[in-house]
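Structural features, examined
What follows is the residue order along each chain.
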Amino acid sequence: MRAIIETLDQALGVVERFAALIAGLLILALMSLVCAEVLGRGLFNHAIRGSIDIVEQLMVALVALGIAYCQSHFGNVRMTLVSDRCRGRAKWLSELFALAVALFVVVILTKGSWLNFMRSWNNGGDTPEIGIPLWPGILLVTCALGLLALRLALQSAEALRLLAQPGDGSKLFGHPADAIETTPYE
């Protein structure tokens, strides 16, 4: 089971890194657009037409595409007050609970995002100034949430495996089981 989880983690990591790279390139494009907008207004007294519409669409992409990569490194804000102080099976049970709650919420958000995409696809809809269609951004959010759900499911499977074998190490969690030493507050 451990080998399967690690193989899936590597494959999912490739997709997550690619999505994060795209997000980084979109940040570069957004910064370039903002610089061009400022220079255009300052030097030529002329704004870039539709820049707000473009920024709105880019923001959706760069916010959504990095979420799964961040979760794979446990960089998201998460409540570890309990799980970091637990050891053995209690630690992995608390991790499993937290991941299950997160997965439940992400699945609901993914379903809602998909329904929103379908509504936008069927009814149309575009940005007010230059008419960029809204559905690509909504579909991107749906895909990014799906990728996050896959990451959370994989981490849940690893936590479940470690619950059964608490002495076994974990590459997904980045440390051997029970490696986190807790010290009492003074």
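Every value quoted in this text rests on a predicted model; they were computed, and no experiment measured them. (Residues numbered from 1 in each chain as written. Predicted model: local features only at pLDDT ≥ 70, side-chain atom pairs only at ≥ 80, totals over all residues. Heavy atoms only, no water.)

Further remarks concern the packing of helix H1 (residues 2-44) against helix H2 (residues 51-64). Contact geometry of H1 with H2 gives a least axis separation of 9 Å together with a crossing angle of 160°. Judged by the inter-axis angle, H1 sits roughly antiparallel to H2. The two elements H1 and H2 meet at a crossing, and its hand is left-handed. On the side of H1, the interface is formed by Ala23, Leu26, Ile27, Leu30, Leu33 and Glu37, while H2 contributes Ser51, Ile54, Val55, Leu58, Met59, Ala61 and Leu62. For the contact of H1 with H2, the per-class residue count stands at 11 nonpolar, one polar and one charged. (Axes fitted to C-alpha atoms, helices over the stretch in contact; angles between N-to-C directions. Helix = DSSP H or I, 4+ residues; strand = E, 2+ residues; numbered from the N terminus. Parallel < 35°, antiparallel > 145°, perpendicular 65-115°, else oblique. Left-handed = near helix turned anticlockwise from the far one by under 90°. Contact = heavy atoms within 4.5 Å. Nonpolar A, V, L, I, M, F, W, Y, C, P; charged D, E, K, R; others polar.)

This part covers the confidence of the model for the protein chain. For the protein chain, the average pLDDT comes to 88, and 92% of its residues sit at 70 or higher. Predicted confidence in the protein chain is weakest over H2, with a mean pLDDT of 90, and strongest over helix H5 (residues 135-164), with 95. Taken as a whole, residues 176-186 scores under 50 in pLDDT and shows 18 contacts with residues more than four places along the chain or in a different chain. (pLDDT = per-residue confidence, 0-100.)

As a further point, take the side chain of Ser120. Assignment of secondary structure puts Ser120 in helix H4 (residues 88-123). Residue contacts for Ser120: discarding those within four places in its chain leaves Gly125, Leu134, Trp135 and Ile138.

With 36 residues, H4 ought to run about 52 Å at 1.5 Å a step, and its terminal C-alpha atoms sit 52 Å apart, in line with that. Taken together, the buried positions of H4 are occupied by Gly88, Lys91, Trp92, Ser94, Glu95, Leu96, Leu99, Val106, Thr110, Ser113, Phe117 and Ser120. Buried residues along H4 sit against helix H3 (67-72) and H5. Gly124, located one to two residues past H4, shows a positive phi value of around 80°. (Expected span 1.5 Å × (residues − 1). Buried < 20%, exposed > 50% of the residue type's maximum accessible area, 1.4 Å probe, protein only.)

With that out of the way, let us pick up the nonpolar core. Core analysis: the largest hydrophobic core is formed by 23 residues, its most contacted members being Val106 and Phe173. Ranked by the residues each element gives to this core, the list is headed by H5, at nine residues. (Core = buried A, V, L, I, M, F, W, Y, C linked by side-chain atoms within 4.5 Å.)

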